[in-house]
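Tertiary structure, described
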Amino acid sequence: AKKAKKPKDSSNELAVCRVLLADLEAHQDAWPFLSPVRHKSVPGYRKVIKKPMDFSTIKEKLTNNLYLNLENFIVDVNLVFNNCQRFNEDDSEIGRAGHRMRRFFDKRWTELLHLK
Ligand SMILES: Cn1cc(C(=O)NCCN)ccc1=O
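In what follows, the accompanying structure is described. Everything quoted here is computed from the prediction, not taken from an experiment. (Residues numbered from 1 in each chain as written. Predicted model: local features only at pLDDT ≥ 70, side-chain atom pairs only at ≥ 80, totals over all residues. Heavy atoms only, no water.)

**Here's the deal with the site of the ligand**
We apply this condition: We call a residue near a molecule or strand whenever a single non-hydrogen atom of that residue lies within 4 Å of it. Here a polar contact means two N or O atoms within 3.5 Å. Within protein one must be a hydrogen donor candidate and the other an acceptor candidate, and residues neighboring in sequence count only if both atoms are side-chain atoms. Here the open area of atoms and residues is found with the Shrake-Rupley method and a 1.4 Å probe, where only the protein chains shown may cover a residue. Three classes are used, and their members are as follows: Ala, Val, Leu, Ile, Met, Phe, Trp, Tyr, Cys and Pro are nonpolar, Asp, Glu, Lys and Arg are charged, and the others, Gly among them, are polar.
Taken together, the neighbourhood of the ligand is formed by Trp-31, Pro-32, Phe-33, Val-37, Tyr-45, Asn-88 and Ile-94. A distance of 2.9 Å separates an oxygen atom of the ligand from a polar atom in the side chain of Asn-88. Contact with the protein chains removes 68% of the 370 Å² of surface that the ligand exposes when unbound. A per-class count over the shell around the ligand returns six nonpolar, one polar and no charged.

Okay, structure coming up:
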């Protein structure tokens, strides 16, 4: 017999995004990602990184209702970490912070989703 599909409750997804963003911003390793990379003082950044993203920009987009669901939000958070991995050596202060932040985020959103 066909298993009845549970209806997806997407009503609180944006609330989950706000909680996740607050947790990211409060993390001790968030400092490289809190505001846009100042490409004028970081040689090569603008050329290498085609889609810059940071936590303050994500907050702005969340406030302006530019995320339709949790998935769109997760795409931008992952962009922060992928940009970081692309531009920074793994064995560097900022590179290590990026890996730690990505691990924290992956753990946190899966925790929150299992609460549903
Ligand atoms: C994420 N990221 C941050 C910086 C940076 O210098 N941030 C300002 C810290 N105060 C440089 C390269 C990079 O990929």
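**So, the nonpolar core**
This is how the line gets drawn: Buried Ala, Val, Leu, Ile, Met, Phe, Trp, Tyr and Cys residues that are joined via side-chain atoms within 4.5 Å together make up what is termed a nonpolar core. Here the term buried applies to any residue with accessible area under 20% of the maximum for its type, exposed to any over 50%, and partly exposed to those in between, with areas from a 1.4 Å probe on protein chains only. Numbering of helices and strands runs from the N terminus, with a helix taken as a DSSP run of H or I at least four residues long and a strand as a DSSP run of E at least two residues long. Contacts are assigned to residue pairs that have any heavy atoms within 4.5 Å of one another.
Counting residues in hydrophobic clusters, the biggest one holds 24 residues, and the most contacted among them are Phe-55, Ile-58, Phe-73, Phe-81 and Phe-105. For this core, the elements supplying multiple residues, two or more each, are helix H1 (13-26), helix H3 (55-63), helix H4 (70-87) and helix H5 (93-114). Ranked by residues supplied to this core, first place goes to H4 with eight residues. Among residues more than four places away in sequence, those in contact with Phe-81 are Leu-24, Phe-55, Gly-98, Met-101, Arg-102 and Phe-105.

**Topic: unusual backbone geometry**
Although it is not a glycine, Asn-65 sits at a positive phi angle of roughly 55°. Along the chain, Asn-65 turns up in the loop between H3 and H4.

**Overview of H4**
Just so we agree on the cut-off: An expected span of 1.5 Å times one less than the residue number is assigned to each helix.
Here H4 spans 26 Å end to end across 18 residues, near enough to the 26 Å set by a 1.5 Å rise per residue. Buried residues of H4: Leu-70, Phe-73, Ile-74, Asp-76, Val-77, Leu-79, Val-80, Phe-81, Asn-83 and Cys-84, and no others. The residue sitting at the N-terminus of H4 and contributing the capping side-chain oxygen is Asn-69; that oxygen lies 3.1 Å from the backbone nitrogen of Glu-71.

**Topic: the packing of H1 against H3**
Note the threshold: Axes here mean lines fitted to C-alpha atoms, for a helix over just the part in contact, with angles spanning 0 to 180 degrees between N-to-C directions. Throughout this description, any angle smaller than 35 degrees is read as roughly parallel, any larger than 145 degrees as roughly antiparallel, any in the 65 to 115 degree range as roughly perpendicular, and the remainder as oblique. Rotating anticlockwise by less than a right angle from the far helix to the near helix defines a left-handed crossing, while the corresponding clockwise rotation defines a right-handed one.
Contact geometry of H1 with H3 gives a least axis separation of 11 Å together with a crossing angle of 160°. With respect to H3, the axis of H1 lies roughly antiparallel. In the packing of H1 onto H3, the handedness of the crossing is left-handed. Within the contact between the two elements, H1 uses Leu-14, Cys-17, Arg-18, Leu-21, Leu-24 and Glu-25 and H3 uses Phe-55, Ile-58, Lys-59 and Leu-62.

**What to know about the packing of aromatic side chains**
In plain terms, the rule: We call Phe, Tyr and Trp rings a pair once their centres come within 6.5 Å, taking the six-membered ring for Trp, and we label the pair stacked below 30 degrees between planes, edge-to-face above 60, and tilted otherwise.
Counting across every chain of the model gives seven aromatic pairs. Where Tyr-45 meets Phe-87, the ring centres are 4.8 Å apart and the plane angle is 70°; that geometry is what we call edge-to-face. Of this pair, Tyr-45 sits in helix H2 (residues 45-48) while Phe-87 sits in helix H4; the two residues are 42 residues apart in sequence, bridging distant segments of the chain. Overall, Tyr-45 belongs to the buried group, its relative accessible area being 7%. Every member of this aromatic cluster is reached through a ring pair, and the members are Phe-33, Phe-55, Tyr-67, Phe-73, Phe-81 and Phe-105.

**Thoughts on the environment of Asn-72**
Residue position: Asn-72 is located in helix H4. By relative accessible area, Asn-72 is classed as partly exposed at 29%. Between the C-alpha atom of Asn-72 and that of Gly-98, which follows or precedes it by 26 residues, the distance is 20 Å.

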